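Below, each chain spelled out in residue letters.
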Amino acid sequence: MNAVSHNGAQQLLKRARVFVGKRSRTLGSRIALLYVALLTLVMGTTIVVASSGISLFARETAERDLAANARVFDKIIDTRQNQMDDAGEVLARDFGFREAFAIGDAPTLASALQSLRDRARVSEVAIVQLDGSVITSGTGSKIDGVAMLSRLEDGQDRGVVALDGAEALAAAVPIKMPDLAGWLVLVNRLGPDDMAQLARLSAVPVEARVVDRSGLSAKLASVALGKITEVDGSNGEKLVRVSAVASLQDGREPRLVLAHSLSAALARYSGLRIALLLISAIGVLAGAWAAVRLSRGIARPLQSLAEAARAYGGGAVSKVKVEGAIEVRSLAVSFNAMVDAVEERERQIMHASLHDALTGLPNRRFFIEKLDRAVVRQNENNRTMVAFIDVDDFKAINDAMGHPFGDELLRSVAHGLQDHFPEAMVARFGGDEFGLLLDGLDPATDFTALARLLETTLNREMTIDGRSILVSASVGIAIGPNDADTADALLKSADLALYRAKSDGKGAYHFFEPELDAEASRRRRMEIDLRRAIRDGDFELYFQPLFSISQNRVKGFEALMRWPHKEHGMISPVNFIPIAEESGMIVQLGEWAVREACRQAAQWPDDISVAVNISPRQLVADGLATCVAQALANSGLPASRLELEITESVFIGNVERTLKILHSLQSLGVRVALDDFGTGYSSLSYLRSFPFDKIKIDQSFVRALEEGGSAHAIIRAITTLAEALGMETLAEGVETQELSDALKAEGCDMIQGYLISRPIPGGDVQRLLGTLQPQTAAVIAA
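Residues numbered from 1 in each chain as written. Predicted model: local features only at pLDDT ≥ 70, side-chain atom pairs only at ≥ 80, totals over all residues. Heavy atoms only, no water.

## Examining unusual backbone geometry
Short version of the rule: Every helix listed is a DSSP run of H or I at least four residues long, and every strand listed is a run of E at least two residues long, numbered separately from the N terminus.
The peptide bond linking Met177 to Pro178 adopts the cis configuration, its omega dihedral lying at -15 degrees. With respect to the helices and strands, Pro178 occurs in the loop between strand S4 (166-176) and strand S5 (180-189). For the bond running from Gly480 to Pro481, omega is 5 degrees, close enough to zero to count as cis. Within the secondary structure, Pro481 sits in the loop between strand S15 (473-480) and helix H16 (487-503). Phi is positive for Asp465, close to 55 degrees, though the residue is something other than glycine. Within the secondary structure, Asp465 sits in the loop between strand S13 (460-464) and strand S14 (467-471).

## Observations concerning the layout of surface pockets
Any empty space left between the atoms is revealed when a probe the size of a water molecule rolls over them. Rules: Put plainly, a pocket is an open set of points on a 1 Å grid over the protein atoms alone with protein on both sides within 12 Å along at least five of seven lines, a cavity is a set where a 1.4 Å probe fits but cannot get out, and a lining residue has an atom within 4 Å of a point. Grid points are joined across faces, edges and corners, and a volume is the space filled by probe spheres set on the points. Three classes are used: nonpolar for Ala, Val, Leu, Ile, Met, Phe, Trp, Tyr, Cys and Pro, charged for Asp, Glu, Lys and Arg, and polar for all others, with Gly counted as polar.
The computed volume of the second largest pocket comes to approximately 790 Å³. Taken together, 19 residues make up the lining of the second largest pocket; nearest its centre are Leu149, Glu153, Thr626, Cys627 and Gln630. Taken together, the elements giving at least two residues each to the lining of the second largest pocket come down to helix H5 (145-153), helix H19 (586-601) and helix H21 (624-635). Across the lining of the second largest pocket, the residue classes break down as 7 nonpolar, 5 polar and 7 charged.

## Points about the sheet that holds strand S11 (residues 425-430)
Strand-to-strand pairing in sheets goes through backbone hydrogen bonds, with the strands running parallel or antiparallel. Applicable threshold: Note: two strands are recorded as paired if DSSP finds a minimum of 2 bridges between them. To get an axis, a line is fitted to the C-alpha atoms, and for a helix only the part in contact is used. The angle between two axes follows their N-to-C directions and goes from 0 to 180 degrees.
As summarised here, the arrangement of the 5 strands in space is S11-S12-S10-S15-S16, forming an open sheet in which the pairing is mixed. For this open sheet the edge positions go to S11 and strand S16 (509-511), each flanked by a neighbour on one side alone. Adjacent strand axes in the sheet meet at a mean angle of 20 degrees when their direction is disregarded. Pairing between S11 and strand S12 (residues 433-441): 5 bridges, direction antiparallel.

## What about the packing of aromatic side chains?
Selection criterion: Two aromatic rings, drawn from Phe, Tyr or Trp (for Trp, its six-membered ring), form a pair once their centres lie within 6.5 Å of each other, and the interplanar angle then sorts them: stacked below 30 degrees, edge-to-face above 60, tilted otherwise. Note on classification: 1.4 Å probe, protein chains only; a residue is buried when its accessible area is under 20% of the maximum for its type, exposed when over 50%, partly exposed between these limits.
Under the defined criterion, the tally for this structure stands at 8 aromatic pairs. Aromatic pair Phe539 and Trp563: ring centres 5.5 Å apart, planes at 40 degrees, arrangement tilted. Placement of Phe539 in the loop between helix H17 (514-536) and strand S17 (540-548) and of Trp563 in strand S18 (residues 553-565) is noted, with a sequence separation of 24 residues between them. Trp563 shares its class with Phe539; the two are buried. The interplanar angle of 85 degrees and the centroid separation of 5.1 Å between the aromatic rings of Phe543 and Trp604 together place this pair among those described as edge-to-face. Placement of the pair is Phe543 in strand S17 and Trp604 in the loop between H19 and strand S20 (609-613), with a sequence separation of 61 residues. Here Phe543 falls in the buried class, since its relative accessible area comes to 0%. Assessed through its relative accessible area of 5%, Trp604 is described here as buried. Three or more aromatic residues joined by ring pairs make a cluster, and in this case those are Phe367, Phe388 and Phe429.

## As for helix H4 (residues 106-120)
The cut-off we apply is this: For a helix, the expected span equals 1.5 Å multiplied by the number of residues minus one. It is the directions from the helix axis to the C-beta atoms that the arc portrays.
For H4, built from 15 residues, the straight-helix expectation of 21 Å at 1.5 Å per residue is met to within 8% by its first-to-last C-alpha distance of 21 Å. Along H4, the residues classified as buried are Leu109, Ala112, Leu113, Leu116, Arg117 and Ala120. Projected down its long axis, H4 shows its buried positions confined to an angular sector of 135 degrees, all on one face. Within H4, the exposed residues directed more than 90 degrees away from the buried face are Pro107, Asp118 and Arg119. A positive backbone phi angle near 55 degrees is found at Arg121, which sits one or two residues after H4.

Encoded structure:
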């Protein structure tokens, strides 16, 4: 009910009380007052319904106007882009302009761009070249050409870009001579003044702006595209419509936000609301006279019902006694049933907010609430144990066996924890993570025995839906108050211990140690240094020879990344590659390694190839094939001299997508090798799924040759299988002549290791080739 209706109803109620004031001490007057109040409520409801209908009509009208304006705006923007496109098309086809672009005549290009900018009345005109570099008209504005490349290469010719950090409308025209040489891009800002000018062309007053999705408020960000919603504004309520605008740059999601004042639309119907209020007032006054004559028999139960309703509205659970006339009794029964139903619903909602729907366990919120209480009570004689549990390789199990299987596995883990630790609080934090809380423990408690029981409970064979699977989990354990004296710190300590447990090989437990916190800080500092090193280009490539036993010569080199830190010296890849993998920086590092390896290998003899490791995260990222193609084109290195090495872990997950990517890489002409063969989940199935060019035998099998046993048979089986499939074999980690002889005897084609050479800087490759070939050939041949 709006303010006018509410105030009117209050006035009518006041007048009715005055009307029966002289009889207020009698039962009849109280009943009359009740009926007047009910009548006022009915009339008020009528006003609310009518007012709501008016408001709904006004809102629907405003929504239709706003939707129509959205179409007008789309048409205006499309027309503006067409104008920009037409203006750019003329210049892009101009022979003099293309000639100036071809020979790099900067003054002529600048003059042409400035002339087009002034003639087309746009904010900026620029040329985006094939490498992403930008030639502007001299306004000093900044355009990120690299972010536009993928869209332009896909044929997109219009959309929104960032101009000096602000949203701007852009239209691109390809420059062909006759092959594509770049794009002529016209950019016009979409600032407040520009959007206000466009808004004036609409049929009704609207506020318009174009912002990136990241700049939207939480309310607007949740609005479905193309839908109209209501928000509070500084000048009253507004109807807002958010729609997507095409983006011509990666990483940007522009949105067109149109706002129309709902308060102004509703104000036009205020006169009708006043008329309804006057009609209601007359009805209440007429009914007040009749209400005085009503029976007093139902006064007391109705009063009880009113008091109970007020109490329940205040938060107290209150029911009424069922008595009085049949209508009143029915009302009392319904009221009591409503109270029971609401209480049951509240209980269910409270349970759902504190428990996990899949397993029925308490959730993270409930766990932390109980942990907060336990930490308050803990002391030297009252210990608290927190275990952070993570099911190992759950994603791989889920992908391989199906989500229903994975859900049942999580339920089995939950039931196992509850059965073996009935006194503990077991919670599911989400995904494959669980928490276990034991409080009030005696200092003499054998925490190691508890950890071993956890390990036994979690690491076992389970049968789910008739299928057996060996499940393992890693556990991080923290004990309060020794490890931490707050709930957050205790959870953090358990999390750090879990990270160490997973790093130590999974399927194990680890207690928190102060050194883990220092290790986490060290990793955070290294991640910061890693980002800075990527930005500054501090990485280097070293190269290790790949020696052919059958041809007695070096056939190629494997590119190995090195990080000469400015303060800590040379940092091993073992230390920084895992951090790069976790943070996603491995994609940038991997792309740099491909480009740099191709650049250096192009300077080597024509029969020497280069091998580059591709991480699983880099393989599934968009643009790997494009990166490889560009690296080959820019360096001039033939595709046949580039070899990409992958490990079997890339097949965990979406195997079909992985195979599609590998086939696209092989179609470029590059070679694909399977690295660390024999250490994954199902190596033979991968050989059947994809025609690898080379198999690299893991050095663990090579070292085992010195111990005898079945190592010789395993390597002989691998080389025989590879030969049958038309694949080369290369053994890693060959450090002695005896290992080389053994591998040669088992049919291995190539070797790699310290026997030939340690990894060397790129500048030493030519020298090494000159000195290594005859000497090494003689040694290996011997």
